[in-house]
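Summary of structural features
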Amino acid sequence: MKQKEKKVHPLVKTEILAKKKILENDRLVGFLKSKNIKCFSDQSPKEKFPSFNTVLKNIKIEIIRLPNQPWYLQYKFKNSHGEVKVYLHGNFRKDRPTFIYHHGIGEIYHPLQIKLIFEKSFLGKFNFFSIKTSHHENIKQIINNYINNFTNMTCGVAGSLLALDEVVNLHKSICNTPTVACGISLGGIVTSLHYYFYGTCDFYFPLAAFPDLPKILLNSTYKPFVDNQDLLGKNKSFLNSFEVPNPTAQRHAKIFPILGKYDATVNYQDAKNWWRGQRILSLDTGHSSIFVKGKEIQSYILSKINLR
């Protein structure tokens, strides 16, 4: 008997085909190279990189809170500096749990991804915060101040993690309800790293991500877009820079990775292998098309935190 072919959402198919064409388009890759639009174009691949843990311990931060304005977390580490924004959407109520969302890399139209994934009825159950990472006001900033240098990127991730931690600490200082951290891609990396380095949130839902950023960037998919990828792959300080403490010590605790089976941006098999032994929700989506399963993602989150 012939097995039925699994139906894949048209937008998922579109994403898969579009990314395949981009990666195979020599003219596009050549154009990006000519404009110096590549990750880590402003550094030597042989330098010794600081670990994420080192950055997290030594980064200097200042937090600015103004009435009816986003919070601003300003950070500095060596020559890297930036400003992370934290938004509260709606009123804060002590009887609600708090939901904290972080976007993916390259999102300048904040908070577009939120509207794609989450419905108002879902967000209305929470005190809802969103985090916008540094140097994401326009594409030029991302290219020149975020992805141009690995230390800049590491500091940006650390700044976002510390902003997330500020929200968690605020909530726990005045509420007894749970805190929920969630993010996609870059935001999923931030969410995962907070779990391993701090672990003070009650629930974590990283979407299309795992915390080993160098492993993600060394995937062959990124070869046309990561400067000196082969040399970086031989640099031990780069390879080990995002090691997490006790990666298997808290399996089955309070983190629930959500992955796309057709994800080529954050390779599904790499992510699945990293989260081995953890409770993974695998969806029939790609990377940026994961939003087509928004209802399923929302239902899954609510079921894990026992909220209806």
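Provided above is the structure to which this section pertains.
For the structure given in this document, a descriptive report is provided here. If you're wondering where the values come from, they're calculated on a predicted model, not measured in any experiment.

Describing the pairing of strand 3 (residues 80–89)
In this structure, strand 2 (residues 71–77) lies alongside strand 3, joined through seven bridges in antiparallel fashion. Residue pairing in the sheet places Y75 in a bridge with G82 of strand 3. Between the antiparallel neighbours strand 2 and strand 3 lie two residues, among them K78 with a positive phi of about 55 degrees.

Observations concerning a nonpolar patch on the surface
On the surface, a nonpolar cluster with roughly 340 Å² of combined accessible area is contributed by Y109, L112 and L116. With respect to the secondary-structure elements, L112 resides in helix 4 (residues 112–117).

Concerning the side chain of T151
With respect to the helices and strands, the residue T151 is situated in helix 7 (residues 150–174). Residue T151 is classed as buried on the basis of its relative accessible area, which comes to 12%. Once residues lying within four places of it in the same chain are set aside, the contact partners of T151 are Q43, F49, P50, F77 and S80.

Some thoughts on the nonpolar core
Core analysis: the largest hydrophobic core is formed by 59 residues, its most contacted members being F40, F52, I59, F150, M153, V157 and L193. No other element matches the eleven residues that helix 7 contributes to this core. Apart from residues lying up to four places away in sequence, L193 is in contact with F52, V157, L161, Y198, P211, F242 and V244.

Considering helix 7
Taking 1.5 Å per residue as the helical rise, helix 7 with its 25 residues ought to reach 36 Å, and the 37 Å between its terminal C-alpha atoms agrees with that figure. Most of helix 7 sits out of view: 19 of its 25 residues are buried. A distance of 2.8 Å separates the backbone nitrogen of T151 from a side-chain oxygen at the start of helix 7, and that oxygen is part of N149.

Topic: the environment of G233
Note that G233 resides in the loop between helix 10 (229–232) and helix 11 (236–239). Judged by relative accessible area, G233 falls into the partly exposed class, the value being 30%. Sequence spacing of G233 and N219 is 14 residues, and the spatial spacing of their C-alpha atoms is 9.8 Å. Dropping the residues within four chain positions of it, G233 is found in contact with L218 and L239.

Cut-offs and rules
Along each chain, residue indices are assigned from 1 in the same order as the chain's sequence is written. The model is predicted, so local features are restricted to residues of pLDDT at least 70 and side-chain atom pairs to those at 80 or more, both for listing and for counting; the totals for chains, interfaces and linings are taken over all residues. Only hydrogens and water are set aside; all other atoms, that is, all heavy atoms of the structure, feed into the side-chain values. We call two strands paired when DSSP finds no fewer than two bridges between them. Every helix listed is a DSSP run of H or I at least four residues long, and every strand listed is a run of E at least two residues long, numbered separately from the N terminus. Here a patch means residues that are over 30% exposed by relative accessible area and free of salt bridges, tied together within 9 Å if like-charged and within 5 Å if nonpolar (Val, Leu, Ile, Met, Phe, Trp, Tyr). All accessible areas in this document rest on Shrake-Rupley with a 1.4 Å probe, and a residue is counted as covered only by the protein chains that are shown. Salt bridges, as used here, are contacts in which a Lys or Arg side-chain nitrogen is within 4 Å of a carboxyl oxygen on Asp or Glu. Exposure classes here rest on a 1.4 Å probe applied to the protein chains alone. A residue is buried below 20% of its type maximum, exposed above 50%, and partly exposed in between. Here, residues are in contact when the closest pair of their heavy atoms is within 4.5 Å. By nonpolar core is meant a set of buried Ala, Val, Leu, Ile, Met, Phe, Trp, Tyr and Cys residues that side-chain atoms within 4.5 Å join together. Expected span, for any helix, means 1.5 Å times one less than how many residues it has. Identification of polar contacts relies on pairs of N or O atoms within 3.5 Å, with a donor-acceptor requirement for protein atoms, meaning one able to donate a hydrogen and the other able to accept it, and with residues adjacent in sequence counted only if both atoms are side-chain atoms.

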